[in-house]
Every structure is written in C-alpha cells, then in structure tokens.
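# Chain and residue survey
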Amino acid sequence: MRHFLIAGNWKMNKTASEAVTLVEQFLARAPKTSRVDTVLAPPFTALAAVAAILAPRAPHLSLGAQDVFWEDRGAYTGEISAPMLADLGCRYVLVGHSERRHLFGESDEAVAKKVQALLRHGLQPILCVGETRQERQRKETERVVTRQILNGLAGLSADQMARLTIAYEPVWAIGTGEAATPEQAATVHRQIRSVLAGEWSPACAAAVRILYGGSVTATNVGEFLASPEVNGALVGGACLDPAAFATIVSIADATT
C-alpha cells in the first residue's frame, strides 16, 4: 500500500526567521503523528532553520529542497549540490518543476542529471511533469508528459525507480486558482503509470507514488485524494498558510 505524500513547495518565500514562525504555527495545528509522509520544502536559505525544528520535535516530517545541481562540487557559482542538501538533513528534492523549465530554460536532459545526482546520494527525487495550456488545447498532454518522464528518468534501474516520486502539475493550473478536475488528474496519472509499466515493469508502476499539484487547497484536496490514481499532493500557495496546510495533511491522514 502506498502512503499518501503531501509536499509543500514554499518557492521563493520566507526568510529564515519567517520560516521558523511558519513551521511553529504549522506544528501547532498539524497531527502530532500521521500515516501521511509530509514534506516541507522551504528555500535554500531556510533549510537549516527548518531542519533545526523538525529534527527534535517532528521526526515524522521530512525536509525537502526545491532544486539541486547535478555536480557534487566545483566552480558552479550559486549552485547547491546533493551532498550539501543531504548534510542539512534533506530527504526529498523537487526536480523539473515547471518554473525551472519555463523561467530558467531547464531541459529534460538537465533534469535527468539532477535525478541521478540525488539518487547517488540517497535522496529521493520528486520529478515534476506537466503540460502547458496550449499543449492541452492541442491534445498533446500525453505526448509531453511521456517525453518528460522517459527523458528525465532515462537509464534508471527498477531499484532506483522505487525511490522516486512523480508529481503531475499541469502548468496552466499552477498558481492560477484553476485546478485540474479530479477526472483530468486521474486520466494523466493512469497514463503515467502505463508509461512506467511499459518502460520498466508493472510492479514498478504500481510502487511509484504519483502526486497531483496545481492550485491544491484545503477545499479541493479531498476530491483528488479520493481517486485511487492519486497518491498525494504537491502544494504551492496553500502551504504558506499554516492552518490550511495542516488541514490538507489532516484530510490526507483521514483518507489513508
């Protein structure tokens, strides 16, 4: 059985001191124990501050990062490596988020190198995939998502795939308040699982968790989690509201 995974992507929000306040407020409202795997992904500058709270007080919560560079060390000004993230206590790392792809020109090949770097250092990638509004209108969703998966995960073994999570985030739903319908999400999740089964194995496809992301709120998350195709959520704006994010985790816990 796959446990739900709820990940909160803070994006470029909160200073280190603000992050401490947010986490304190979240912990005061969230379930003290949970069957849900919950991930907090603050910006790089707040990782150490958040880790200092989670490690002693909330070991059932995991620290996540929003990106990584594929080299372990070197003359790469401004970049952060997998060993650095592991040393801070990160367990999960987002890769291939649409904002990285579209704002910073990140290619599928770059995403693949990042996935491999994370796996080398025992970190669990959350690979983000999804189509733009124009691609959906042209009925290219399946082609785009399949390309992103096959290129982003090229060369991985079945054992490596077992440590991976995929997040389907339609680009047109991110930060717009216009979430996909549960039916739209379930359709793409089934397509993703079919790709995994064909490229790796049915057992691999059954084991990989697939999250939905894109305007997830405390109001709509229950509808997504009610689908057997959806194994959790990647939450954006709502995770910056500690009460809303605690409610999302509580709903997931009650649905498990």
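Structural notes, computed from the coordinates. The model shown is predicted, which means the values in this text are computed figures rather than measured ones. (Residues numbered from 1 in each chain as written. Predicted model: local features only at pLDDT ≥ 70, side-chain atom pairs only at ≥ 80, totals over all residues. Heavy atoms only, no water.)

## A few points about the environment of Gly8
Within the secondary structure, Gly8 is located in strand β1 (residues 5-9). A relative accessible area of 1% places Gly8 in the buried class. Each C-alpha atom, one on Gly8 and one on Leu63, is 9.9 Å from the other, the two residues being 55 residues apart in sequence. When neighbours within four sequence positions are excluded, Gly8 is seen to be in contact with Val39, Leu40, Ala41, Val235, Cys239 and Phe245. (Helix = DSSP H or I, 4+ residues; strand = E, 2+ residues; numbered from the N terminus. Buried < 20%, exposed > 50% of the residue type's maximum accessible area, 1.4 Å probe, protein only. Contact = heavy atoms within 4.5 Å.)

## Remarks on helix α2 (residues 47-57)
Along α2, the residues classified as buried are Leu47, Val50, Ala51, Ile53 and Leu54. For α2, the buried positions fall inside an angular range of 170 degrees around the axis, keeping them on one side. Of the residues in α2, the exposed ones pointing more than 90 degrees away from the buried face are Ala52, Ala55 and Pro56. As for α2, its buried residues are in contact with α1 (16-29), β2 (37-41), β3 (61-65), α3 (82-88) and β4 (90-95). (Arc of directions from axis to C-beta.)

## Some thoughts on unusual backbone geometry
Positioned with a positive phi, Lys14 is a non-glycine residue whose angle comes to about 80 degrees. The topology assignment puts Lys14 in the loop between β1 and α1. For Lys14, a relative accessible area of 32% puts it in the partly exposed group.

## A look at helix α9 (residues 182-199)
For an α-helix the count is 3.6 residues per turn, leaving residues at separations of three or four pointing the same way. Its 18 residues place the ends of α9 26 Å apart at the C-alpha level, agreeing with the 26 Å of an ideal helix rising 1.5 Å per residue. Residues of α9 that are buried: Pro182, Ala185, Ala186, Val188, His189, Ile192, Arg193, Val195 and Leu196. (Expected span 1.5 Å × (residues − 1).)

## Some thoughts on the environment of Ile6
Here Ile6 lies in strand β1. A sequence separation of 57 residues divides Ile6 from Leu63, and the C-alpha atoms of the two residues are 12 Å apart. Setting aside residues up to four positions removed in sequence, Ile6 forms contacts with Val36, Asp37, Thr38, Val39, Gly232, Ala233, Val235, Phe245, Ile248, Val249 and Ala252.

## Looking at the sheet that holds strand β7 (residues 209-213)
Within the closed barrel, the eight strands sit side by side as β1-β2-β3-β4-β5-β6-β7-β8. Their pairing is parallel. When the angles between neighbouring strand axes are averaged without regard to direction, this sheet yields 25 degrees. Here strand β6 (residues 165-168) runs beside β7; their pairing, made up of four bridges, is parallel. Along β7, the bridge assignment pairs Ala167 with Leu211. Across the sheet, helix α7 (residues 141-152) lies against β5 (124-129) and β6, angled at about 155 degrees from β5, the strand it touches most. (Pairing = 2+ DSSP bridges. Axes fitted to C-alpha atoms, helices over the stretch in contact; angles between N-to-C directions.)

## Structural notes on the nonpolar core
In a soluble, globular protein the nonpolar side chains are often hidden away together inside. In terms of nonpolar packing, the biggest core is built from 70 residues, with Leu153 and Ile192 touching the most fellow members. Here Ile192 is in contact with Val129, Val145, Ile149, Ile166, Tyr168 and Ile210, once residues within four sequence places are set aside. Residues Leu94, Ile126, Ala167 and Leu211 belong to the second largest nonpolar core, which totals 10 residues. (Core = buried A, V, L, I, M, F, W, Y, C linked by side-chain atoms within 4.5 Å.)

## Considerations on the packing of helix α5 (residues 108-120) against α7
At a closest axis distance of 8 Å, the pairing of α5 and α7 adopts a crossing angle of 45 degrees. Between α5 and α7, the interaxial angle falls into the category oblique. The hand of the α5/α7 crossing is right-handed. Contact residues: α5 offers Asp108, Glu109, Val111, Ala112 and Val115, while α7 offers Arg147, Gln148, Asn151 and Gly152. Taken together, the residues of the contact of α5 with α7 break down into three nonpolar, three polar and three charged. (Parallel < 35°, antiparallel > 145°, perpendicular 65-115°, else oblique. Left-handed = near helix turned anticlockwise from the far one by under 90°. Nonpolar A, V, L, I, M, F, W, Y, C, P; charged D, E, K, R; others polar.)

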